[in-house]
Amino acid sequence: MANPMLNDKSLEKASTWGPGSAASADTMTQWPPPGMERPVGLDGESRGMTMRGTAWATAALLALLLISATYGWVQTGSPTTSLNSAGQPVVNYTIPMLAWVGVGVGFICVIGLYFKPRMAKVIGPIYALAQGFFVGAISKMYESFQGGIVVQAIGATLAVFLVMLFLYGFRIIKVTDKFRRTVIFATLGIMVFYGVSFIISLFAGAGSVSFLSSSTPLSIGFSVIVAGIAAMNLALDFDFIERGEKMGLDRDFEWYGAFGLLVTIIWLYLELLRLLSKLRN
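What this report covers is the structure whose coordinates are included nearby. Just so you know, the residues in each chain are numbered from 1, in the order the chain's sequence is written. Only residues with pLDDT of at least 70 get local features here, since the model is predicted, and only at 80 or more are side-chain atom pairs given and counted; chain-wide, interface and lining totals rely on the full set of residues. Computation of side-chain values covers all heavy atoms of the structure but excludes hydrogens and water.

It is worth spelling out helix α3 (residues 97-115) at this point. Secondary structure elements follow DSSP: runs of H or I no shorter than four residues count as helices, runs of E no shorter than two count as strands, and numbering proceeds from the N terminus. Each helix should span, by expectation, one fewer than its residue count multiplied by 1.5 Å. When the terminal C-alpha atoms of α3 are compared, their 28 Å separation across 19 residues agrees well with the 27 Å that a helix rising 1.5 Å per residue should span. Relative accessible area decides the class of each residue, using a 1.4 Å probe on protein chains only: under 20% of the type maximum gives buried, over 50% gives exposed, and in between gives partly exposed. Residues of α3 that are buried include every one of Ala 99, Gly 102, Gly 106, Cys 109, Val 110 and Leu 113, and no others. Looking straight down α3, one finds that the buried residues subtend no more than 100° of arc, so they occupy a single side. Set apart from the buried face of α3 by more than 90 degrees, the exposed residues are Met 97, Phe 107, Ile 108 and Phe 115. Only heavy atoms matter for contacts: two residues are in contact if any of them lie within 4.5 Å across the pair. The secondary structure elements touched by the buried residues of α3 are α4 (120-145) and α8 (253-280). What the arc covers is the set of directions going from the helix axis to the C-beta atoms.

Okay, structure coming up:
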């Protein structure tokens, strides 16, 4: 699911956190108001957040995600077939419990980082490793039934990321207040819908929300919309990172921005994986 932290309110709070705040006792790292010269350390090196630094932090988190996903893939078994009471074959597939633990750890990381953003350099890698195992296990499940789909989903995710970066970089997509509010409200709506669907499935069984996994035109259209909203969240992430650099936020917030970008990328990948599976069916 999309990152709930990279928004205007978070950016305003970030300008008052840590060494960047006016209340900081470390006069060597005091941050000037937005628009003034970026502070530097005794060695003359900039101590502020940069887009390049955020890109390197994102690459590091993606590397950890890939390592963990590989392990999750290896630890996930293949489908087995058994007979039900009527003597009909039933395909069984089990996701390792550690994968669901990873989902829980990831959720805790998101909540924790909302209150302790300067811990992103520590919490970010933990999140990448925890979610990576889950992503690897889910990917193995899809690949077991639809060979080659994971490569397609990865390629589609990379393509969407590059297209959004191009559109944002050349200001073809402009992140205005109206655009930002629309994407955020749409994202929150999807979060609520998924949450309600999950609760219903717990009490009424997975078949009660078969709409999410069916291959009907309506279900495919829904997945296209959700994937599109996930892509729009990339624009919000790029905007947050760019404005953070201009505001001269502390360098620690490079990891904060990278964390948010990683959350969006994972969500986009999973939605594209689901969409491709529906299209194949």
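Now that the structure is up, let's keep going.
Right, let's talk about the pattern of salt bridges for a bit. Put simply, a salt bridge is a Lys or Arg side-chain nitrogen that is within 4 Å of an Asp or Glu carboxyl oxygen. For the structure shown, the criterion picks out seven salt bridges. Across the salt bridge formed by Asp 239 and Arg 180, the nearest N and O atoms sit 2.9 Å from each other. Of this pair, Asp 239 sits in helix α7 (residues 217-247) while Arg 180 sits in helix α6 (residues 177-204), and the two are 59 residues apart along the sequence. Taking the relative accessible area as the measure of exposure, Arg 180 reaches 8% and is therefore buried. Three or more residues joined by partner-sharing salt bridges are found here, namely Asp 177, Arg 180, Asp 239 and Arg 243.

Counting 61 residues, the largest nonpolar core has Tyr 127, Met 164, Phe 179, Leu 234, Leu 262 and Leu 273 as its most contacted members. With 16 residues, α8 is the single largest residue contributor to this core. Excluding residues that lie within four positions of it along the chain, Met 164 makes contacts with Ile 173, Ala 231, Met 232, Leu 234, Ala 235 and Phe 238. Side-chain atoms within 4.5 Å link the members of a nonpolar core, which is a set of buried Ala, Val, Leu, Ile, Met, Phe, Trp, Tyr and Cys residues.

All right, on to the side chain of Glu 271 then. By secondary structure assignment, the location of Glu 271 is in helix α8. Although buried, Glu 271 forms no salt bridge, and the nearest oppositely charged side chain, Arg 274, lies 4.3 Å from it. Setting aside residues no more than four positions away along its own chain, Glu 271 makes contact with Tyr 194, Val 226 and Ala 227. We treat Lys and Arg as the positive residues and Asp and Glu as the negative residues; His and chain ends play no part in the count.

Attention now goes to the packing of helix α5 (residues 149-169) against α7. Direction vectors running N to C along α5 and α7 enclose 50°, while the axes themselves pass 9 Å from each other. Judged by the angle between their axes, α5 and α7 are oblique. The chirality of how α5 crosses α7 is right-handed. Between α5 and α7, the residues in contact are Val 160, Phe 161, Met 164, Leu 165 and Tyr 168 and Ala 231, Met 232, Leu 234, Ala 235, Phe 238, Asp 239 and Glu 242, respectively. Fitting a line to C-alpha atoms yields each axis, with helices limited to the stretch in contact; the angle taken between N-to-C directions then spans 0 to 180 degrees. For classification purposes, angles smaller than 35 degrees are called roughly parallel, those larger than 145 roughly antiparallel, those between 65 and 115 roughly perpendicular, and all remaining angles oblique. Note on convention: near helix rotated counterclockwise from far helix by under a right angle means a left-handed crossing. Clockwise means right-handed.

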